[in-house]
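Structural overview
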Amino acid sequence: MSTDIDDQLAWRETYFVMFNAHDRPTITQIEGAIADASHRLKLENMIANDDGLFESGLVQAPEDNAAMEISFEMGDSVIEQSAEAAKRFKKQLTGKQLAHLLKADARLDIMHFERMPDVADEFADQDEDLLDEALDPASLITVVDALTRLTKGIAIDPASGEVMA
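The sections below set out a description of the structure shown in this document. (Residues numbered from 1 in each chain as written. Predicted model: local features only at pLDDT ≥ 70, side-chain atom pairs only at ≥ 80, totals over all residues. Heavy atoms only, no water.)

**So, the pairing of strand β1 (residues 8-19)**
For clarity, the threshold we go by: By the convention used here, strands pair only if DSSP detects at least 2 bridges between them. Each helix is a run of H or I in the DSSP string that is no shorter than four residues. Each strand is a run of E no shorter than two, and both are numbered from the N terminus.
Inspection of the sheet shows β1 paired to strand β5 (residues 106-116) by 11 bridges, in the antiparallel sense. What sits directly across from E13, in β5, is H112.

Structure representation (structure tokens):
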């Protein structure tokens, strides 16, 4: 991955992992889950609260020219979003998954970015869909899967309206 300061990160998509706040991971657990998932991922700027619970961090995927910013959210807006998601996905989920989603009061947001070197400026006039096809989502899927397992959560791609199995 190029480390030129002129490189830019372009946001591509955001996934959510919905779970119960009692299963909120520590920063050490997040680091371990991601390290176990892939040796190709590099963790940076990991932040925990005073109790060592995960707040936010950055996962770099140098070989994929990608990065993922992860942040923890909880509260009434997450509870409302969980209830809406349960209604939306009730036909796709098992009874156990649906019950778990209805109880979710915490969320990890995984924002996926693509590193765009200066040469991307040459393609600024080209169709955005052509650039999207070049992005390999393997790192994103690896991180989402690791965090879903760690939190015993339900992963959702809000853009496509799909629950990740």
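Moving on, there is more to tell.
**Here's the deal with helix α5 (residues 138-151)**
Defined as follows: Here, expected helix span is obtained from the residue count minus one, scaled by 1.5 Å.
If you check α5, its first and last C-alpha atoms are 20 Å apart, about what 14 residues at 1.5 Å a residue would give, namely 20 Å. Looking at the residues trailing α5, positive phi occurs at K152, about 60°.

**What to know about the nonpolar core**
Here is the rule we go by: We call a set of buried Ala, Val, Leu, Ile, Met, Phe, Trp, Tyr and Cys residues a nonpolar core when their side-chain atoms join them within 4.5 Å. Three labels apply to residues, based on accessible area from a 1.4 Å probe with only protein chains included: buried if under 20% of the type maximum, exposed if over 50%, partly exposed otherwise in between.
By size, the foremost hydrophobic cluster in this structure holds 22 residues, and its most contacted members are V17, I70, L108, I110, V143 and L147. Listing elements by their share of this core, those giving two or more residues are β1, α1 (27-37), β3 (54-61), β4 (66-74), β5 and α5. Ranked by size, the runner-up nonpolar core spans 12 residues in total, among them M18, V78, A86 and L93.

**Looking at the packing of aromatic side chains**
For the record, the criterion: Two aromatic rings from Phe, Tyr or Trp, using only the six-membered ring of Trp, form a pair when their centres are within 6.5 Å; if the ring planes differ by under 30 degrees the pair is stacked, by over 60 it is edge-to-face, and anything between is tilted. Geometrically, a charge over a ring is one whose NZ (Lys) or CZ (Arg) sits within 6 Å of the ring centre while staying within 35 degrees of the ring normal.
Taken as a whole and judged by the stated rule, the model has 1 aromatic pair. Judged by centre distance (6.2 Å) and plane angle (45°), the ring pair of F19 and F72 falls under tilted. Of the two residues, F19 sits in strand β1 while F72 sits in strand β4, which places them 53 residues apart along the sequence. Exposure remark for F72: the relative accessible area of 9% places this residue in the buried category. The cationic tip of R24 hangs over the ring face of F72; the distance from NZ or CZ to the ring centre is 3.7 Å. Cation over ring: R107 sits above F16, and NZ or CZ is 4.7 Å from the ring centre.

**So, the side chain of R12**
The following threshold applies: Pairing of N or O atoms within 3.5 Å defines a polar contact, subject to two protein rules: one partner must be a possible hydrogen donor and the other a possible acceptor, and residues neighboring in sequence count only if both atoms are side-chain atoms.
Inspection of the secondary structure puts R12 in strand β1. Within the structure, the side chain of R12 is placed 3.0 Å from the side chain of E114, a separation counted as a polar contact.

**Let's talk about the sheet that holds β5**
In plain terms, the rule: Here an axis means a line fitted to C-alpha atoms, over the contact stretch when the element is a helix, while the angle between two N-to-C directions is reported on a 0 to 180 degree scale. Contact between two residues is taken to exist if any of their heavy atoms lie within 4.5 Å; hydrogens are not considered.
Ordered in space as β2-β3-β4-β5-β1-β6-β7, the 7 strands form an open sheet in which the pairing is antiparallel. Each edge of the open sheet is held by one strand with a lone partner, namely β2 (42-48) and β7 (162-164). For this sheet, the mean angle separating the axes of adjacent strands, direction not counted, is 25°. Packing against the sheet, helix α2 (residues 76-89) makes contact with β1, β4, β5, β6 (154-157) and β7, and its axis sits at approximately 80° to β1. Sheet strands in contact with α5 are β1, β3, β4, β5, β6 and β7, and its direction is about 25° off that of β1.

None of the figures reported here should be taken as evidence of function without further support.
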